[in-house]
Amino acid sequence: MIRAFSIAPALLPDLLLGIGLLSFYSLITFTLGLHSVVIAHSVFATAFVTAIVLARIASIDESLEEASRDLGASPVRTFLRITLPQLMPGIVAGAMLAFTLSLDEFVIAYFTAAPTTPTLPIVIYSTVRFGVTPEVNALATLLLLVSIVTILAAQRLTRIGSPKESE
């Protein structure tokens, strides 16, 4: 039940999620702004991060945790030294995917942002409606370069300490 509840936002259309969050904010008289966008994007991205981390949890080697406990490590130490390092590639991948999806998400941001605090996708959309400007092209190029550098860095970091590299 918890898995189904946590993955549900990924199954909802963005328009429905945006309108639903806006209705919820109105119901609880929550003011719109950057904070409302952050909460909305967190709800949206949590579903994807959960799916990735759950897949990583399924591949954890439980014998390492058992060995740690047999050798006298506390549950906290076992988590920090054994479990967390095994989960870290999934957590990093989930964080990168959440950031990418959040940066790309226009509909949810449109419904949950205040007119005084537009997000980058809203600004780009309002600029592109009247024609693609050199600024938009430059921004797209910068975003592409940042994405490529981030992917290469993440790939490098996940390979560090892997069994193949130490051979």
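Look up a bit, the structure's there.
Everything quoted here is computed from the prediction, not taken from an experiment. (Residues numbered from 1 in each chain as written. Predicted model: local features only at pLDDT ≥ 70, side-chain atom pairs only at ≥ 80, totals over all residues. Heavy atoms only, no water.)

Some words on the packing of aromatic side chains
On inspection of all chains with the given rule, the structure shows 6 aromatic pairs. Measuring from centroid to centroid gives 4.9 Å for Phe106 and Tyr125, while their planes differ by 50°, and the two rings are tilted. Residue Phe106 is found in the loop between α5 (75–104) and α6 (107–112), and its partner Tyr125 is found in helix α7 (residues 120–128); the two are separated by 19 residues along the sequence. For Phe106, a relative accessible area of 23% translates into the label partly exposed. Chaining the aromatic ring pairs together yields one cluster made of Phe106, Tyr110, Phe111 and Tyr125. (Phe/Tyr/Trp six-rings, centres within 6.5 Å; stacked < 30°, edge-to-face > 60°. Helix = DSSP H or I, 4+ residues; strand = E, 2+ residues; numbered from the N terminus. Buried < 20%, exposed > 50% of the residue type's maximum accessible area, 1.4 Å probe, protein only.)

Examining the side chain of Glu65
Along the chain, Glu65 falls in helix α4 (residues 62–70). It is Arg69 that comes nearest to the buried, bridge-free Glu65 among opposite-charge side chains, at 4.3 Å. Dropping the residues within four chain positions of it, Glu65 is found in contact with Ile60, Thr78, Ile82 and Thr83. (Lys, Arg positive; Asp, Glu negative; His and termini not counted. Salt bridge = Lys/Arg side-chain N within 4 Å of Asp/Glu carboxyl O. Contact = heavy atoms within 4.5 Å.)

Section: the packing of helix α3 (residues 34–58) against α5
Following both chains from N to C, one finds α3 and α5 inclined at 155°, their axes separated by 8 Å at the closest point. In terms of orientation, α3 lies roughly antiparallel with respect to α5. Crossing angle aside, the handedness with which α3 passes α5 is right-handed. Residues His41, Phe44, Ala45, Phe48, Val49, Ile52, Val53, Arg56 and Ile57 of α3 touch α5, and the partners they reach there are Gln86, Leu87, Pro89, Gly90, Ile91, Ala93, Gly94, Leu97, Ala98, Leu101 and Ser102. Residue classes in the contact of α3 with α5 are distributed as 14 nonpolar, 5 polar and 1 charged. (Axes fitted to C-alpha atoms, helices over the stretch in contact; angles between N-to-C directions. Parallel < 35°, antiparallel > 145°, perpendicular 65-115°, else oblique. Left-handed = near helix turned anticlockwise from the far one by under 90°. Nonpolar A, V, L, I, M, F, W, Y, C, P; charged D, E, K, R; others polar.)

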